[in-house]
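# Residue-level structural notes
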Amino acid sequence: MDYKYRLYETVNNNSASRVEKGNQEQLPLLPKPREGDGDRPVLGNFKSSHLLSLYMFLYLLYLCSGAALFSFMEAPEERAVKVRVDTAIQKFLVANPSVPDQDLEDLIKEIVKANNRGVSAIGNATGTPNWSFGQSLFFASTVVTTIGYGHVTPLSRSGKVFCILYAMVGIPLTLVLLSALVERLLVPTIWLLQWLNSRLGHLYQPFNIRIFHLIIMVMTLIGLFILLPAGAFALIEPDWDYLDSLYYCFISLTTIGLGDYIPGDAANQPYRPVYKIATTCYLFLGITFMMLTLAVFYDIPQLNLGLLFTTTDEGSSEKVRLAGSGHGLQYGAGGSFSPDNDDGEHRQVVRVRSRRTDSPSPEDPGPKGMP
């Protein structure tokens, strides 16, 4: 098939050298494709589109199956709770026949509405208010980290407007902070990978060493930021067992933030503001290490499913080239894990790039230049 060459403009002075021809100055042409390469971009896009369609179908199937299982497991418990509430209401009306049904219904509505806004109606709850400094700091951290428990929300109109503006500025600032922390934590992580390679490189393939390195990172995340904190929460919180605490830690560090379990909200909780501040520090540290583990995971191309859906057309290549004009942090020593080309560059919060079929170890030389 005919292959037409196009002139392209350089992004900066170092992007391409200029070629002089006569009195005219021209920019270099795109590299001449090798024989048989003409159909590869089209076939690659065709394949990636079909893989993406299949993935979307499986993802929809996953959502539907999850909905069916949640409905099957939780519907009986919901009916049981409703029966207990109806029974309690009937007992109250029998013991207090002078109270009209509508008045009791109105009282329950007000109590539920206040509870949904984080205001407790329990008479013996003598803890500090929701908007003390410690509690407010905990709320602010759940906003900027997008955890958003929802147990406490702004009550005033001015508070709602301020929350919108605060989140618009705070969320990008938090992403920048977490990205910077992950970038620096990648340095000792790379040292660990290099040490494993120096000890195990003569016995195992580079991919196996990186899998072992990933397992170490995952086990550290689970042990230090889920299992141990869950034990601490189970000891401090009077109404939580270990499973409840484990559930809270996972839901929080993944920023799901359902809000059904909130530390420090028990009645008469001692040192509530200090407890809230300590929990805020735990959330920031845990989310940072979670992002670090994900950066290590996504840098292994054999495990990165996103590379299967990467298009290879010229438009995507040019877009990646423009976006990648700067040099970002690469997971590996001396850029040894950089790709052979920029077409499939994969970017996370910390930019991590890999496209090689068999990723080299940190001590291997860098990729060879294109012919």
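Criteria and thresholds
- Residues numbered from 1 in each chain as written.
- Predicted model: local features only at pLDDT ≥ 70, side-chain atom pairs only at ≥ 80, totals over all residues.
- Heavy atoms only, no water.
- UniProt positions renumbered as here; feature names shortened; annotations may be inferred.
- Axes fitted to C-alpha atoms, helices over the stretch in contact; angles between N-to-C directions.
- Helix = DSSP H or I, 4+ residues; strand = E, 2+ residues; numbered from the N terminus.
- Parallel < 35°, antiparallel > 145°, perpendicular 65-115°, else oblique.
- Left-handed = near helix turned anticlockwise from the far one by under 90°.
- Contact = heavy atoms within 4.5 Å.
- Nonpolar A, V, L, I, M, F, W, Y, C, P; charged D, E, K, R; others polar.
- Phe/Tyr/Trp six-rings, centres within 6.5 Å; stacked < 30°, edge-to-face > 60°.
- Buried < 20%, exposed > 50% of the residue type's maximum accessible area, 1.4 Å probe, protein only.
- Lys NZ or Arg CZ within 6 Å of the ring centre and 35° of its normal.
- Polar contact = N/O pair within 3.5 Å; in protein donor to acceptor, adjacent residues only side chain to side chain.
- Core = buried A, V, L, I, M, F, W, Y, C linked by side-chain atoms within 4.5 Å.
- Salt bridge = Lys/Arg side-chain N within 4 Å of Asp/Glu carboxyl O.
- Patch = residues over 30% accessible without salt bridge, like charges linked within 9 Å, V, L, I, M, F, W, Y side chains within 5 Å.
- Areas by Shrake-Rupley, 256 points an atom, 1.4 Å probe, with all protein chains shown as cover.
- Lys, Arg positive; Asp, Glu negative; His and termini not counted.
- Charge placed at Lys NZ, Arg CZ, Asp CG, Glu CD.
- Expected span 1.5 Å × (residues − 1).
- Bend = angle between axes of the 7 residues up to and from the residue.

The name given to the protein in an unreviewed UniProt entry is Potassium channel domain-containing protein, and the organism recorded there is Phaedon cochleariae. Taken verbatim from the UniProt record of the protein, the Subcellular location (unreviewed entry) comment is "Membrane". Looking at the Sequence similarities (unreviewed entry) heading of the UniProt record, one finds this comment for the protein: "Belongs to the two pore domain potassium channel (TC 1.A.1.8) family."

Orientation of helix H4 (residues 157-200) relative to helix H5 (residues 206-236), taken along the N-to-C sense of each, is 135°, at an axis distance of 10 Å. One element, H4, and the other, H5, form an angle in the oblique class. Considering the relative orientation of H4 and H5, their crossing is right-handed. Residues Thr 189, Leu 192, Leu 193, Leu 196, Asn 197 and Leu 200 of H4 form the contact with H5, whose participating residues are Ile 209, Arg 210, Phe 212, His 213, Ile 216 and Met 217. Here the contact of H4 with H5 is composed, by residue class, of 8 nonpolar, 3 polar and 1 charged.

Take the packing of aromatic side chains next. Counted under the stated rule, the structure contains 14 aromatic pairs. Seen in terms of ring centroids, Tyr 247 and Tyr 261 are 5.8 Å apart; in terms of plane orientation they differ by 80°. Their pairing is edge-to-face. Of this pair, Tyr 247 sits in helix H6 (residues 242-253) while Tyr 261 is found in the loop between H6 and helix H7 (272-298), placing the two residues 14 residues apart along the sequence. Taking relative accessible area as the criterion, Tyr 247 reaches 30% and is therefore assigned partly exposed. Overall, Tyr 261 belongs to the partly exposed group, its relative accessible area being 24%. A cation sits over an aromatic face here: Lys 276 above Phe 138, 4.4 Å from the ring centre.

This paragraph deals with the UniProt feature "transmembrane region" (unreviewed entry) in the protein. Feature annotation in UniProt assigns "transmembrane region" (unreviewed entry) to the following positions: residues 52-73, 133-152, 164-191, 211-236, 245-262 and 274-298. Span residues 133-152 is 60% helix and 0% strand, its end C-alpha atoms 14 Å apart. For residues 274-298, the end-to-end C-alpha separation is 36 Å, with 100% helix and 0% strand making up the annotated structure.

Another aspect to go through is the side chain of Thr 293. When you line up the elements, Thr 293 lands in helix H7. One polar contact links the side chain of Thr 293 to the main-chain carbonyl oxygen of Phe 289, over a distance of 2.9 Å. With near-sequence residues (within four places) excluded, Thr 293 lies in contact with Leu 214, Met 217, Val 218 and Leu 221.

If you look at the biggest cluster of nonpolar residues, it comprises 28 residues, and the most contacted ones within it are Tyr 149, Phe 233, Tyr 248, Cys 249, Leu 253 and Leu 283. With 9 residues, H7 is the single largest residue contributor to this core. Other than its neighbours up to four places away in sequence, Tyr 149 contacts Phe 138, Thr 142, Tyr 248, Ser 252, Gly 257, Leu 258, Gly 259, Ile 262 and Leu 283.

A few words now on the packing of H5 against H6. The N-to-C vectors of H5 and H6 enclose an angle of 130°; their axes lie 8 Å apart at closest approach. With respect to their mutual orientation, H5 and H6 come out oblique. Regarding H5 and H6, the two cross each other, and that crossing is right-handed. Along its contact with H5, which presents Phe 225, Ile 226, Leu 227, Pro 229, Ala 230, Gly 231, Phe 233 and Ala 234, the element H6 presents Tyr 242, Ser 245, Leu 246, Tyr 248, Cys 249 and Leu 253. Looking at the contact of H5 with H6 residue by residue, the classes come out as 12 nonpolar, 2 polar and no charged.

Per the counting criterion, the structure on display carries 2 salt bridges. Of the charged contacts, one joins Lys 276 and Asp 265 as a salt bridge, the two residues approaching to 3.0 Å between their closest N and O atoms. Here Asp 265 lies in the loop between H6 and H7 and Lys 276 lies in helix H7, a separation of 11 residues in the sequence. A residue is classified by how much of its surface remains accessible, and Asp 265, at 37% relative accessible area, is partly exposed.

All right, on to a negative patch on the surface then. A cluster of acidic side chains, namely Asp 101, Asp 103, Glu 105, Asp 106 and Glu 110, defines a negative patch on the protein surface. Mapped onto the elements of the fold, Asp 101 is located in helix H2 (residues 101-116). Residue classification places Asp 101 among the exposed residues on the basis of a relative accessible area of 52%.

With that settled, consider unusual backbone geometry. Phi at Thr 146 takes a positive value of approximately 60°, unusual for a residue other than glycine. Within the fold, Thr 146 resides in the loop between helix H3 (133-144) and H4. Its relative accessible area of 43% is what places Thr 146 among the partly exposed residues. Located in the positive-phi region is Tyr 271, a residue other than glycine, with phi close to 50°. For Tyr 271, the position within the fold is in the loop between H6 and H7.

Let us now look at H4. Between its terminal C-alpha atoms H4 stretches 61 Å, which fits the 64 Å expected from 44 residues at 1.5 Å a residue. Considering bend angle alone, the principal kink of H4 is centred on Ala 167 and spans about 25°.

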